[in-house]
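# Close look at the chain arrangement
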Amino acid sequence: MKNIIFIAPPAAGKGTISARVCTEYNIPHISTGDLLRNEIANGSKIGLEIKDAMAKGEFVSDEVITKLLKKRLSSKDSKKGFILDGYPRNIMQAKTYDNILKELNYEDGLVVFLDIDKNLAMKRALSRVVCSKCGLSYNLINKEYAPIKEGICDNCKSPLKTRSDDNEESFINRFDTYMKETYPLIEFYEKKGNLLKIKVDDMTVDEIFDEIKKVIK
Ligand code: AMP
């Protein structure tokens, strides 16, 4: 079973690397943000309950997330593995996640920590553009990760746009929340013994991906 979670500050490359891992191992990418957005789009009872909190960017209650996550992780396509994105975001959620894994009889899995210098992450966030359709990320300051044709996605030819939260103020807020809430998970998983640390500053996407593959094998 290949169940993987990523711990990473904003703009460390989590989206790009997880897409590569999902394709390589043919496992689903499960995002708690997407699960919640689906509920809202379907107009379900849960959707109506969480709409306001989501619009304000506040945390949705643990009760709701746990219920949706358990259901999604129990489905057939998750049984051989998955990448979980957006969860756990704090120690309490990490403990809940442990319980869910035990209940479903799943292994602890791998926790990948993508470590990056704050200034470099900010530089990347401020020069990032994403595809409005397939979500692929590009970086305009690095030729290797820039789109072939300016403003157009190499993959699906849709227009590229800047994420609304990729501005300096929002980046600093997101980074500070990450340091306060999510960073303590490093120690939690270090103690558990399933943490892979990668300092991504000078590494290419291929090199990071190779490190992860080595450990999965
Ligand atoms: P994301 O797509 O990961 O940026 O998440 C979008 C929104 O969904 C967040 O701003 C929260 O309102 C909610 N959300 C996603 N994951 C979680 C989580 N693990 N705990 C609480 N709320 C979450």
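Since the model is a prediction, treat every value here as computed from it, not as a measurement.

Turning to the packing of helix H4 (residues 62-74) against helix H5 (residues 91-103), a few remarks are in order. Packing of H4 against H5 leaves a shortest axis separation of 11 Å and a crossing angle of 35°. As for how H4 packs across H5, the hand of that crossing is right-handed. Contacts from Asp 62, Thr 66, Leu 69, Lys 70 and Leu 73 in H4 reach Met 92, Gln 93, Thr 96, Tyr 97, Ile 100 and Glu 103 in H5. Counted by class, the contact of H4 with H5 contains 5 nonpolar, 3 polar and 3 charged residues.

So, about the sheet that holds strand E5 (residues 128-131). Taken in spatial order, the 3 strands of this open sheet run E6-E5-E7, and their pairing is antiparallel. Only two strands of the sheet have a single partner each, and these edge strands are strand E6 (137-139) and strand E7 (160-161). Taken together, the 3 bridges between E5 and E6 define a ladder with antiparallel strand orientation. Each residue of the ladder has a partner; that of Val 129, found in E6, is Tyr 138.

In this section: the layout of surface pockets. Size it by volume and the second largest pocket reaches roughly 180 Å³. In this structure, the second largest pocket is lined by Leu 35, Asn 38, Glu 39, Ile 46, Lys 67, Leu 68, Lys 71 and Arg 72. If you list the elements that add at least two residues to the lining of the second largest pocket, you get helix H2 (32-42) and H4. Residue classes in the lining of the second largest pocket are distributed as 3 nonpolar, 1 polar and 4 charged.

This next bit is on the nonpolar core. Residues Ile 7, Leu 73, Phe 82, Leu 84, Tyr 97 and Tyr 189 are the most contacted members of the largest nonpolar core, which totals 28 residues. Sort the elements by how many residues they give to this core and H4 lands first, with 5 residues. Sequence-distant contacts of Leu 84, defined by excluding residues within four places in its chain, comprise Ile 4, Ile 5, Phe 6, Ile 30, Leu 69 and Tyr 97. Listed in part, the 27 residues of the second largest apolar core include Cys 22, Leu 110, Ile 198 and Phe 209.

What counts and how
- Residues numbered from 1 in each chain as written.
- Predicted model: local features only at pLDDT ≥ 70, side-chain atom pairs only at ≥ 80, totals over all residues.
- Heavy atoms only, no water.
- Axes fitted to C-alpha atoms, helices over the stretch in contact; angles between N-to-C directions.
- Helix = DSSP H or I, 4+ residues; strand = E, 2+ residues; numbered from the N terminus.
- Left-handed = near helix turned anticlockwise from the far one by under 90°.
- Contact = heavy atoms within 4.5 Å.
- Nonpolar A, V, L, I, M, F, W, Y, C, P; charged D, E, K, R; others polar.
- Pairing = 2+ DSSP bridges.
- 1 Å grid on protein atoms, 1.4 Å probe; cavity = no way out; pocket = protein on both sides within 12 Å on 5 of 7 lines; lining within 4 Å.
- Points joined across faces, edges and corners; volume = space filled by probe spheres on them.
- Core = buried A, V, L, I, M, F, W, Y, C linked by side-chain atoms within 4.5 Å.
- Buried < 20%, exposed > 50% of the residue type's maximum accessible area, 1.4 Å probe, protein only.

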